[in-house]
Amino acid sequence: RQTVSKFFDLMDENRRIDREAANKPPPTYYWTPGHEDKYEGLSAWGRVKHNLHWVGYKAFWGLAFVGEVAVNVLGLDQPEYQWMLEEAEKQRKKDEERRRLQAQRRAYLYERKLEEEEDE
């Protein structure tokens, strides 16, 4: 029980960290409007670090997006046997359609039989 409790506590902590990261404003750089005074005395090396941070930040989130798209396209976020579930659903729909057509045929034949009996 304690292990399970610790596991859920860890999950809650991770959710909290994710929420905080999502609500955190994006980083500011020396070229960000309204922050020029903050970075006025920034050295050339400081500007290089800002540029490198910006490139790394954009590359990381860009790759994270590409990874999510790849996971969705390749179906890695689906259950292992998703194809079996889809095939079973297709088969169920085919069976329903077959039964519906058979019922229509039986109804048509029954109506025809009734018409023949009325004609006699």
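See the structure shown above.
Just so it is clear, the structure is predicted and the values come from calculations on it, not from any experiment.

## Focus: the overall build of the protein
Within the protein, the regular secondary structure consists of three helices and zero strands. For the protein, the α and β elements follow one another from N to C terminus as α-α-α. In terms of its C-alpha atoms, the protein occupies a principal-axis envelope of roughly 110 × 45 × 25 Å. Evaluated residue by residue, the protein yields a buried proportion of 5% over its 120 residues.

## Focus: a negative patch on the surface
A cluster of acidic side chains, namely Glu111, Glu115, Glu116, Glu117, Glu118, Asp119 and Glu120, defines a negative patch on the protein surface. By the secondary structure assignment, Glu117 is in helix H3 (residues 82–119).

## Concerning the environment of Asn51
You can see Asn51 is positioned in helix H2 (residues 44–74). Once the C-alpha coordinates of Asn51 and Tyr29 are considered, the two residues, 22 residues apart in sequence, prove to be 8.2 Å apart. Setting aside its immediate chain neighbours within four residues, Asn51 contacts Tyr30 and Trp31.

## Re the side chain of His50
Following the sequence through the fold, His50 ends up in helix H2. When neighbours within four sequence positions are excluded, His50 is seen to be in contact with Thr28, Tyr29, Tyr30, Trp31, Tyr39 and Leu42.

## What to know about the layout of surface pockets
Put simply, the largest pocket is a space of about 180 Å³. Lining the largest pocket are Ala21, Lys24, Pro25, Pro26, Pro27, Tyr57 and Trp61. In terms of residue class, the lining of the largest pocket is made up of six nonpolar, no polar and one charged.

## Thoughts on the pattern of salt bridges
As enumerated under the stated definition, the model contains eight salt bridges in all. Salt-bridge contacts for Glu96 lead to Arg92; the nearest nitrogen and oxygen are separated by 2.3 Å. One end of the pair is Glu96 and the other is Arg92, both in helix H3 and four residues apart, which spans about a single turn. Several salt bridges converge on common partners, so that one network encompasses Glu13, Arg16 and Glu20.

## Remarks on the packing of aromatic side chains
Within the structure shown, the criterion is met by six aromatic pairs. When the centroid spacing of 5.6 Å and the interplanar angle of 70° are considered together, the rings of Phe7 and Phe8 count as edge-to-face. For the ring pair Tyr57 and Trp61, a centre distance of 6.5 Å and an interplane angle of 70° mean the geometry is edge-to-face. Linking Tyr57 with Trp61, this pair stays in helix H2, spanning four residues, or about one helical turn. Taking the relative accessible area as the measure of exposure, Tyr57 reaches 30% and is therefore partly exposed. Aromatic ring contacts, followed pair by pair, group Tyr29, Tyr30, Trp31 and Trp54 into a single cluster.

Calculation rules
Residues numbered from 1 in each chain as written. Predicted model: local features only at pLDDT ≥ 70, side-chain atom pairs only at ≥ 80, totals over all residues. Heavy atoms only, no water. Helix = DSSP H or I, 4+ residues; strand = E, 2+ residues; numbered from the N terminus. Buried < 20%, exposed > 50% of the residue type's maximum accessible area, 1.4 Å probe, protein only. Patch = residues over 30% accessible without salt bridge, like charges linked within 9 Å, V, L, I, M, F, W, Y side chains within 5 Å. Areas by Shrake-Rupley, 256 points an atom, 1.4 Å probe, with all protein chains shown as cover. Salt bridge = Lys/Arg side-chain N within 4 Å of Asp/Glu carboxyl O. Lys, Arg positive; Asp, Glu negative; His and termini not counted. Charge placed at Lys NZ, Arg CZ, Asp CG, Glu CD. Contact = heavy atoms within 4.5 Å. 1 Å grid on protein atoms, 1.4 Å probe; cavity = no way out; pocket = protein on both sides within 12 Å on 5 of 7 lines; lining within 4 Å. Points joined across faces, edges and corners; volume = space filled by probe spheres on them. Nonpolar A, V, L, I, M, F, W, Y, C, P; charged D, E, K, R; others polar. Phe/Tyr/Trp six-rings, centres within 6.5 Å; stacked < 30°, edge-to-face > 60°.

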